[in-house]
Amino acid sequence: MNFLRGVMGGQSAGPQPSGADTVQKLCDRVASSTLLEDRRDAVRALKSLSKKYRLEVGSQAMEHLINVLQMDRSDSEIIGYALDTLYNLISNDAEEEEPEENVQKSSSDDLEMQFTEIFIKHQENLTLLLSLLEGFEFHVRWPAVKLLTALLKNLGPQVQQIILVCPLAVSRMMDLLADSREVIRNDGLLLLQQLTKGNAAIQKIVAFENAFERLLDIITEEGMSDGGIVVEDCLLLLLNLMKNNSSNQNFFKEGSYIQRMKPWFEVAEGNSSWSAQKVTNLHLMLQLVRVLVSPVNPPGATSSCQKSAFQCGLLQQLCTILMATGVPADILTETINTVSEVIRGSQVNQDYFASVNAPSNPPRPAIVVLLMSMVNERQPFVLRCAVLYCFQCFLYKNQKGQAEIVATLLPATIDANSISAGQLLCGGLFSPDSLSNWCAAVALAHALQDNSIQKEQLLRVQLATSLGNPPVSLLQQCTNILSQGSKVQTRVGLLMLLSTWMTNCPIAVTHFLHNQTNVPFLTAQISENLGEEEQLVQGLCALLLGICIYYNDNSLENYTKEKLKQLIEKRIGKEIFIEKLAYISKHELYSRAGQKPQPSYSTPEQMLFDHEFTKLVKELEVLITKAVQKSSEDEKKEEEVKKSLEQHDSIVSQYKELIREQDTQLNELKKQVTALTNQNEQSQTTITQQASQIQQLKDQYNLLKIQGKPLDSHHHIHNEAAQINGIQPKADVEEIGRLQEELEELKKQHAILEGQLTEKESIIEKLRTNQTTGSKDTEVCMDNTGDPTTERHKELETLRTLVQTQAAEISQLQSKKQELENQPATMTGAGSGDVDNASALTRITQLENRLSALDDENQKLKGQVKGLTEEKNSLDQQLTSVNSTVVILQTDKSKLQQELMESKKEQDDLLVLLADQDQKIFTLRNKLKELGEPVEDEDDMESGDQDDDDDDEDDLN
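Residues numbered from 1 in each chain as written. Predicted model: local features only at pLDDT ≥ 70, side-chain atom pairs only at ≥ 80, totals over all residues. Heavy atoms only, no water.

(A) Quick look at the overall build of the protein. The helix and strand tally for the protein stands at 43 helices and four strands. When the 957 residues of the protein are sorted by exposure, 41% land in the buried category. Residue pairs in contact within the protein that sit at least 24 positions apart in sequence constitute 72% of those at least 6 positions apart. For the protein, the exposed area adds up to about 52,300 Å²; of that, 51% sits on carbon and sulfur atoms. (Helix = DSSP H or I, 4+ residues; strand = E, 2+ residues; numbered from the N terminus. Buried < 20%, exposed > 50% of the residue type's maximum accessible area, 1.4 Å probe, protein only. Contact = heavy atoms within 4.5 Å. Areas by Shrake-Rupley, 256 points an atom, 1.4 Å probe, with all protein chains shown as cover.)

(B) View of a negative patch on the surface. There is a patch of like negative charges on the surface, built from Glu899, Glu902, Glu906, Asp908 and Asp909. With respect to the helices and strands, Glu906 occurs in helix H42 (residues 834-930). Here Glu906 falls in the exposed class, since its relative accessible area comes to 53%. (Patch = residues over 30% accessible without salt bridge, like charges linked within 9 Å, V, L, I, M, F, W, Y side chains within 5 Å. Salt bridge = Lys/Arg side-chain N within 4 Å of Asp/Glu carboxyl O. Lys, Arg positive; Asp, Glu negative; His and termini not counted. Charge placed at Lys NZ, Arg CZ, Asp CG, Glu CD.)

(C) Representation of the side chain of Glu534 in the model. Structurally, the position occupied by Glu534 is in helix H31 (residues 532-550). A polar atom in the side chain of Glu534 sits 2.8 Å from the side chain of Arg491. When sequence neighbours within four positions are dropped, the list of residues in contact with Glu534 reads Val488 and Arg491. (Polar contact = N/O pair within 3.5 Å; in protein donor to acceptor, adjacent residues only side chain to side chain.)

(D) Up close: unusual backbone geometry. For Leu168, which is not glycine, the phi torsion reads 60 degrees and is therefore positive. You can see Leu168 is positioned in the loop between helix H9 (156-165) and helix H10 (169-174). Residue classification places Leu168 among the partly exposed residues on the basis of a relative accessible area of 43%. We note that Ser256 has phi near 60 degrees; this positive angle belongs to a residue other than glycine. Note that Ser256 resides in the loop between helix H15 (246-254) and helix H16 (276-292).

(E) Broad picture of the confidence of the model for the protein. With 77% of its residues at a pLDDT of 70 or more, the protein shows a mean pLDDT of 79. Contacts for the low-pLDDT stretch residues 94-106, under 50 throughout, to residues beyond four places or in other chains number 12 contacts. Contacts for the low-pLDDT stretch residues 709-731, under 50 throughout, to residues beyond four places or in other chains number 19 contacts. (pLDDT = per-residue confidence, 0-100.)

(F) Broad picture of the pattern of salt bridges. Applying the stated criterion across every chain yields a total of 22 salt bridges. A salt bridge links Arg40 to Glu77, with the shortest nitrogen-to-oxygen separation between them at 3.6 Å. Taken together, the residues Arg40 in helix H3 (residues 36-49) and Glu77 in helix H5 (residues 76-90) connect sequence positions 37 residues apart. The exposure class assigned to Glu77 is partly exposed, which follows from its relative accessible area of 24%.

Printed below as a string of C-alpha cells:
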C-alpha cells in the first residue's frame, strides 16, 4: 500500500506522476510480483483506474489481466477484479468521471470496439472466459456473464462464430438460468438475448437445450403478464428464438407449449390496473403468438399452429380480450392483429370468429362491432387499420364468409331493425371521410376475391340514393362517385373495387359497358395531362379499361374488344396507354403494400394500395398489355391456336381414355393369361395321367393278345416269369373292383325285381280265383276295356324277360370276374379272352379318340398362350425400361446414402474429440487438486467487496 501511495499521489513534494506512468507501474507490479496479495492489490488498483484512465489501462494492462485469468484461477478475488476491469474497458454503460486535463480524450465507442477486437483476436481468451462460467463463485461468475454480454453487444457475429466452435459453450450459458441467485439468472437472460440475435444455428442449439421449458417456467413463477422486467426479458428471448426460425417454431408447437400460453391472456373484466410493465409484457406475448401464425411462415406450419391455438382455447381467450372493456388501445389493436393472423386461411377458426358476439344488448356479432369502428373516423388510425386487416383475414380463402357478407346486401336478406356488415360497408363506401371510403372499398373487394358467384350476386344490389328517385345499382353508384371528382384516396379505393369486381366476370363487364358514360369517362381521365397525384388514378383507369377489353364477351355491339382497342388507339395511343398502366407498379407505395398482407402505414394519406390488389395488378398488367398490342389478325391467329389447342386437348383426352381402356383390358388379359396358364398346367397334368392310363391299357391289350394265342414254350416261359415276379397289372385290379360293385348293384336290382314278380304272381292268382265268380257288371266292363288277365300276363312276361336278361348279364359278369381273378394264376383257355379283347379294343379306341380331341384343344390353348406370351414380352420390355430408371435412381440413392454415412462419421469423430477434450479437462482438474491447489465449492458471498473502490482510492491517497 505504501508503494501505491508513493506512486499515486503521496505527500512528496515532487511532480505528480501521470496516469500512464501509474498504470505502467501497476502493470509491472502485476507481472513481476511473486506474492499473490501484491498482485491482487495491483489489479484492484487497475480496476479503480479503468474508468478514469480507460485508454491507458486498456492499452497497457489487458495482456496482464488475461495472464491473471490464466495463472491465478485458484484465487477468486483477483479473478473477479480482473474481470471487472476488463468489463469496464469493453462495456459502454460505465459511468465515466469528468475528464481532467491530463486524460486523453477519445471516442468511447471506438475504444470499446478496439478493446473487444484485441480481446477476441485470440480465440483462447474467449474459451478461457467461457470456462470461468463453470465455477459457482459469485465474484467470478457474475463478472464473467457481464463481460460476455458486453463482448456480444460490441461484436456479436464474430463472438457467435467463436462460441459455436467452443465445446459445451452454449450449455454452460444455459446453466445460468438454473442459478438460484436472481442477479446471475437475470443477467444470464440478457446474455442469451445477445447470443441468439440473428444466428439460426445458435437459436436451434439453445432451443434444444430445453430453453422453452425453462423460460416458460420463469414466466409462470414471475406472475406471467403481471410480472416484472424478468418476464419481459424471457419474452424477448423467446422472440429471438422463434422469429424467422421455422425449426424452432415447429419444436415449440410439437412440445405442446402453445397450450401453456393460454393463461397469459386471462385478463379480468374491467381491470383498470394496467401498469406500463403489464402492457409491455402483454404486447410481447401477443407478438409471440403472431410469430407462430405469421403469413410469411411455411403454410403447413402456420395452419398447424392455428389448429393448436383453436384446440387449446387460445383463440377463444383472445376473442374474450377483443370484446372486453377497459383494455388499453394499443393492447386492443395488437389483439385484433393477432386474432387476424390466427384465423387467416383457417376455415375452422374463421367459422368460430363469425359466431363470436359482443356482450351488448342485444348481442351483436363481433364482425359488425369491429366494422363500426373501422368506418368511424373518430377512432384511432392504427385501430381502423387493424380492423380492416382482421376483416381481410376473415375473408381470406373463405367463400362461405364471402357469401354471408354479400348476402347482407341482397334485398331478400336486409333486416331494417338491425345493422349488418353489408350496410356498414355501403355506409362507409359513400361516407364523406375518404379513409372510410377506401377501407370499405377494400373490404368489399375482399368479399369478391376469387369468387365469381359473389361477383354476379353483387350486381343485384340496389341502393336508394334519395327520396323520389328510383334505386340504382351498386356498380352504377360507384361509377357516379368516380365521375364526381372526389378525393384521390376515395377514387383509388373505388377503382380497386371495380377492378377486382370485373376481373374474370364478363357479366360485370357487360353491366359496366352498358352505361354509355363510363367508357368516355375512362378515356378522358387517361388522356389528360395531370399532376403526379392524379397519375395513379390514370393508371387505375387504364387498368379498368384494359379489364373491359380482356374480359369482354363481345355481347355489346358498340363496345366489342376490337372497337375498344380502336378507341384507345385513336383517343389515347397504345404507347401512352401502356405507359399510364405502368404508373401503378412504379408508385412508391405499391412495393410497400406488396411486402406483407397487413396494412402498415404511418399516416392515413399513405393508404392507397391493398396487398391482394398488388398481386392482381401483377397478373393483369401483362395480360392487358398483350391484349392491347395485338391486332385483329393476331387475335384470329390466337383464336385458331386456342381452337387447335382445344382440339389437341380433346385428342389427348381421347388418347388418355383409350389408354385407360387398354390398361383395363390389359389387366383383364393378364388375369386371363394367369387363368389359362393354370388351366394349361392342369390340362398337361391330365394329359400326362391319361397317357399313363393309355400305356397301361396298351400293356393290358398286349397281355390279352398274348393270352389269346396258342400256348407254346415261349408263352409258358413268359407266364411263369410273370407269375414268379408277381406281376398283376394295376388296371385289372381296378377293373375287378368296379365289376364287383356293378355285380352288387345288379344283385340288389335282381332282389327288387324278384319281390315285384312275387307280388304280381299273387295278383294273378287272385284274378284267376275271381274269374269264374265275376258279376255281370264285370263282364260289361271287360267287354268295354279288354281282358285284364291278358294285360297282366303280358306285363308278367315282360318282367320275366327283363329278369332273365339281367340274370344272363349277371352270369356273364360273374364269369368275367372269375376269369379276371384266375388270370394271374393260370393262362389256359385261349378262346375265352376273345370277348374281353374286343371290349378292351373298343375302350382303347374310345380313349384314343378322346386323346385326339384333347390334343386339338391343347393346340388351341397353345395358340392363345402364344398370343398372350407376345403381349407379355412387350410388357416385359416396358418393365425393363422402367427397371433401368429404377437402377439409376437406386444409384443416386446409394450416393446419397454414402454421403450421409460420411457425414455421420464426421459427426462421430467430433463427438470423440469432445469426449477427449472433457477427459483432458477432468485430468487437469485432478492434477490441480493433487498439487494442493484449493477448490472452493462454497456459495458464500464475501461482504467486503462492496467498498473495494473506496479502499483503492484511500490507498492511492
